[in-house]
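Architecture at a glance
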Amino acid sequence: MDTKQALSALASLAQEHRLAVFRLLVQTGPDGLAASKIGEQLALAPSSLSFHLKELSHAGLITARQQGRFLIYSADIGAMNGLIGFLTENCCGGQPC
């Protein structure tokens, strides 16, 4: 992950509802959730949720797949691990933490 990607991901997560959506999707795992289920669990209006899902998607933190007539959203665990790796790349100046 490069600096520009990391900044985009961090900016996307620096909002209460988007962070909650991302954390819910991480907890859910690769099966993901339909937007309606995300909205129900987090008490978010569909229009607001749509905006937050778009922001997370543009930041590369979530993916969507078509399942019948529903979009199923999942956390992109590779992107999450990339961000964590970027943040800890030079941890402790090379010394064990």
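Below is a short write-up of the structure. These figures come from a predicted structure and were not determined experimentally.

**Section: the side chain of Ser12**
Considering the arrangement of structural elements, one finds Ser12 in helix H1 (residues 3-13). Not counting residues within four places of it along the chain, the set of residues in contact with Ser12 comprises Arg18, Glu55, Leu56, Ala59 and Leu61.

**Some details on the sheet that holds strand E2 (residues 62-67)**
Ordered by their spatial adjacency, three strands build an open sheet running E1-E3-E2, and the pairing between neighbours is antiparallel. Each edge of the open sheet carries a strand with a single partner, namely strand E1 (33-34) and E2. In this sheet, strand E3 (residues 70-75) lies alongside E2 in antiparallel orientation, the contact comprising six bridges. Bridge pairing in E3 links Gln67 to Phe70. Taken strand by strand, helix H2 (residues 16-28) contacts E1, E2 and E3, and its axis lies near 90° from that of E3.

**Looking at the pattern of salt bridges**
Throughout the structure, instances matching the rule amount to two salt bridges. Of the charged contacts, one joins Glu40 and Lys37 as a salt bridge, the two residues approaching to 3.9 Å between their closest N and O atoms. Taken as a pair, Glu40 and Lys37 lie in helix H3 (residues 35-42) at a separation of three residues, close to a single helical turn. Taking relative accessible area as the criterion, Lys37 reaches 41% and is therefore assigned partly exposed.

**Things to note about the nonpolar core**
Grouped together as the largest cluster of nonpolar side chains are 21 residues, with contacts concentrated most on Val21, Phe22, Leu25, Ile38 and Leu61. Going through the elements one at a time, H1, H2, helix H4 (46-58), E3 and helix H5 (77-88) are the ones with two or more residues in this core. Among the elements that line this core, the one with the most residues is H2, at four residues. Sequence-distant contacts of Ile38, defined by excluding residues within four places in its chain, comprise Val21, Leu24, Leu25, Leu33, Leu49, Leu53 and Tyr73.

**Points about the packing of H2 against H4**
The contact between H2 and H4 brings their axes to 10 Å, and the two run at 70°. Taken as axis vectors, H2 and H4 run roughly perpendicular relative to one another. On the side of H2, the interface is formed by His17, Arg18, Val21 and Phe22, while H4 contributes Leu49, Phe51, His52, Leu53, Glu55 and Leu56. When its residues are assigned to classes, the contact of H2 with H4 shows six nonpolar, two polar and two charged.

What counts and what doesn't
- All residue numbers here refer to positions counted from 1 along the written sequence of the relevant chain.
- Given that the model is predicted, a residue must reach a pLDDT of at least 70 before its local features are reported, and side-chain atom pairs must reach 80 or more before they are shown or counted; all residues, however, enter totals for whole chains, interfaces and linings.
- To obtain the side-chain values, all non-hydrogen atoms of the structure were used and water was disregarded.
- Secondary structure elements are taken from DSSP: a helix is a run of H or I of four residues or more, a strand is a run of E of two residues or more, and numbering for both begins at the N terminus.
- The contact definition used throughout considers only heavy atoms, calling two residues in contact when any of these lie within 4.5 Å.
- For two strands to pair, DSSP has to find at least two bridges joining them.
- Under this scheme, a helix contributes an axis fitted over its contacting stretch, all axes are lines through C-alpha atoms, and angles between N-to-C directions fall in the 0 to 180 degree range.
- Just to be clear on terms, a salt bridge is a Lys or Arg side-chain nitrogen sitting within 4 Å of an Asp or Glu carboxyl oxygen.
- Summary of the burial criterion: residues with accessible area below 20% of their type's maximum are buried, those above 50% are exposed, and those between are partly exposed, where the area comes from a 1.4 Å probe applied to protein chains only.
- Residues belong to a common nonpolar core when they are buried Ala, Val, Leu, Ile, Met, Phe, Trp, Tyr or Cys residues joined through side-chain atoms within 4.5 Å.
- By definition in this entry, angles of less than 35 degrees are roughly parallel, angles greater than 145 are roughly antiparallel, angles of 65 to 115 are roughly perpendicular, and the rest are oblique.
- All residues other than Ala, Val, Leu, Ile, Met, Phe, Trp, Tyr, Cys, Pro, Asp, Glu, Lys and Arg, Gly among them, are scored as polar; the first ten of these are nonpolar and the last four charged.

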